[in-house]
Amino acid sequence: MSDATAAKAAPSTAASNAAASDAVEVTIDGVEVDARPGELVIAAAERAGVHIPRFCYHERMSSVGMCRMCLVEIDTGRGPQLQASCMVPVSPQMVVDTASERTQRAQEGVLEMLLINHPLDCPVCDKGGECPLQDQTMAYGPGESRFVEEKRHFEKPIPISELVHLDRERCILCDRCTRFADEIAGDPLIDFVERGNETQVLTFPGEPFSSYFSGNTVQICPVGALTAAPYRFKARPWDLAQTESTCTTCAVGCRIAVQSSRNELVRCLGVDIDPVNHGWLCDKGRFAYGSVSSPERVTRPLRARSGGRAADIADVESMRNFEPSDWAGALDAVASAVKAARPGAIAVLGGARGTNEDAYAWSKLARTVLRTNHVDAQMGDGLAAELVVGLGTATIDDACNADTTLLVCGDLREELPVLQLRLRGAARAGTTRLVEISPVKTGLSGDAARSERCRGGEAASVLRDLLNGDDPLGDELAGGSVVVVLGRSSVAESADAAAEVASVIADRVPHAKFLVAARRGNVRGALDMGLAPGLLPGRSLSTDPTPGLVAAWGELPAELGCEAAGILTAAAAGDIDVLFLLGADPVTDFPDSVLARLGMAGARTVVAVDTFLNQSTIEADIILPASAFGEKSGTTTNIEGRVSALSELVTPPGSARPDWMIAAELAMLCDADLGFVSASEITAEIAVVCETHADVAGPGIEGDGVLVRGATFEPELPPAHAAPPRDAYSLRLVCNRKLYDGGVTVGMTPALASLRAETALRVHPTDLERVGVESGTEVEVHSERGALRLPIVADAAVGRHNAVLLLPSPALDVGALIDATAAVTDVRIETRVGKEPAS
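A brief look at the structure comes next. (Residues numbered from 1 in each chain as written. Predicted model: local features only at pLDDT ≥ 70, side-chain atom pairs only at ≥ 80, totals over all residues. Heavy atoms only, no water.)

1. Re unusual backbone geometry
For clarity, the threshold we go by: Put simply, DSSP H or I for four residues or longer makes a helix, DSSP E for two residues or longer makes a strand, and each gets a number counted from the N terminus. Think of it in three bands: residues with accessible area under 20% of the maximum for their type are buried, residues over 50% are exposed, and the middle band is partly exposed, with areas taken using a 1.4 Å probe on protein chains only.
With an omega dihedral of -20°, the bond running from K156 to P157 counts as a cis peptide bond. As for its position among the elements, P157 is in the loop between helix 5 (132-140) and strand 6 (158-159). In this structure, P808 follows L807 across a cis peptide bond, with omega equal to 0°. Relative to the helices and strands, P808 resides in the loop between strand 35 (802-806) and strand 36 (826-831). Of note, D29 is a non-glycine position whose phi angle comes to about 55°, a positive value. As for its position among the elements, D29 is in the loop between strand 1 (24-28) and strand 2 (31-35). Judged by its relative accessible area of 34%, D29 falls in the partly exposed class. With phi around 65°, E194 is a residue other than glycine that occupies positive phi space. When you line up the elements, E194 lands in the loop between strand 8 (190-193) and strand 9 (200-203).

As structure tokens, this is what we get:
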């Protein structure tokens, strides 16, 4: 796939709305064209259907005129001159000739120069078959070279990171990778070194290209100089099957091109859609496809042996505690457990991993067959479901174009990386002003006009003080458009902390819009489909179902359901007879791992619908293998409510099935019928039942997708309250996410597993000094819930009086410190030699 195909250039929204009266009349190859004011000649020609060859130019980055391949004859009234079309803006009455004899000779000369030292190793180059240099040499080149001298040689390839290899012999110094790293990603870790004939692209000594966005440089490289380690020598472009889909590793919903060879996913490429990702992907989204073909996948139903559930995941890996089953036997056992369950004693956890169709099927199964409202797609680490659905009125474009964008959420670089790229680009371009309130320095702190630190759980108090005092922020927010990016700054604090921020904004800045920074891949879609105790499909409350839903589903259970914490508490008390886990791992992901383990142990029957074994599925009685990304079709919903298509490209391994199909078959065994036999039928039913989703079954779902706005209710916001005071000996625990965390997706992706972050307790240097130990010393961390032993390190990015830990951690049970019922979690630090706790 060529770069031009993978990144479908989309004009900016502002430019596309330019009035016709402002058009600039130019002539390109004899045809009059209405160009936009300030538009570059190369872009105007592209819109007019005239392709000008290029290597260094990229529509999402600044122009540098490095390669000179885009030389064309331009006449501005002083006679035609050869000029780089990527550097010259259009002007009235300009005449451009892209096919003159002088232009052709110039292009031939540029290509001949570029090929002086470029190795002619196309048959063994990973870029072969989709290489712009190869294609343009055939189309515009001289046909032969006059140079017979020895070419320049470098050591090759050099692994400049775990994911990217560099072949300096192939580099044509186009400056694309270095510009992307500096301008877009904000990680200037790759640059030009040496001079003259020895000029080359390289990283700095001892510093790898450790950017979360390094894979983008591979995609935009016009030659084979940068290659992706996971894809090297895997396939040729003409051997690949391809479909366009949506990334689900986080909730941004980036559009991607998914490619496979011999029924195995081998590559993902970013697709440029203007409302969302601009063609960029984070490395987790680009390379996580590797987990789909992992040999650790669950490929057939498993049932716990009569001796009981597994006690250790190592036992599960050897299958000593499980025995294989067929689908008929496994589903019969599940149906028997359901029929034997007490009324109201069935619960469903999870569902954000699947498609909207999966979530709708399980929501319908839970309400109409299982007769329960105990459902929750979140793992206690998000906002209240009513806030996620009811507050979300802003789009990503709104956040990038508001006068002020207020960030009260986790580190977007770690949780929603491409949203961070969009906001960073907007801040640098001056289209928005970022204001941040956070307990730690984030990836956007350097681009924010203002960045305030707070203790965990106290962002609302800081914001209230700023708005109530003489601070100019109040006037700034009152005088212009405002978008609030709202999320959980820490999962060690109650969701009420974020809800209180919404209350403060609603009271003081009522015109503000909210963009809810939900993290899980399709959590917004799962909640829209009713996988929450207080919600039903179509963004309606369970206490006020829409007429269409009542007509389609019939009588609904009247009981009030529990969210994740309530479900696990009930299970621990023995009040849950059947607990379904839909791609959920509460032991790892639920903040309070003690409660999660008690809940798993207390449920009479645990049924896991999942792709992998994890710390929760090892406690299951029955494991049903589910289809993964790329193995099923459907739709997904991103953080702004944009519904886009997911495509099936490969077949699931073994007998794995889509989640919706498992729900439909289980309903049949329970003497019910959900009324659909395909994902497309579910999509059509969603469009009929949910008034808000009436357009999701239409053709607009492809490409940019369909933006679903509004809800049938206004969310109730909690009253103001103060976080419990921190005692003089404690630090406030802040548990945040990392892109490469201890979750199953990263762990089962060979390219990413080695990048998982090590866990250490990070505190401000002043707080470390008060502890009385050196950075790197092992200490004991105590909360009212539990204790851990781990290293402590000084980090100036952490706000005073905070202690920061990664959750989930690949090596430590950080959740053992957190009490899910507490507003915040405070910890004390003790040294191994028995010193007094930190003050």
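Still to come is the rest of the account.
2. Considering helix 6 (residues 176-184)
Counting buried residues in helix 6 gives 7 out of 9 residues, a clear majority hidden from the surface. Within helix 6, burial applies to R176, C177, T178, R179, F180, A181 and I184. Positioned one or two residues after helix 6, G186 has a phi angle of 75°, which is positive.

3. Quick look at the sheet that holds strand 22 (residues 513-516)
To keep things clear, this is the line we draw: Strands were regarded as paired on the criterion that DSSP finds at least two bridges between them. Structural elements are reduced to axes, namely lines fitted to C-alpha atoms, with helices fitted over the stretch in contact, and the angle between N-to-C directions of any two is expressed from 0 to 180 degrees. For this analysis, residues touch if any pair of their heavy atoms sits within 4.5 Å.
Read from one edge of the open sheet, 5 strands run 20-19-18-21-22, paired in parallel fashion. Only two strands of the sheet have a single neighbouring strand rather than two, namely strand 20 (450-453) and strand 22. Averaged over all pairs of adjacent strands, the angle between strand axes in this sheet comes to 15°, irrespective of strand direction. Two elements, strand 19 (residues 433-438) and strand 20, share 4 bridges in a ladder whose sense is parallel. By the bridge assignment for strand 20, I437 is matched with E452. Each of strand 18 (404-408), strand 19 and strand 20 is contacted by helix 16 (residues 459-468), which is oriented at about 130° to strand 19, the strand it contacts most.

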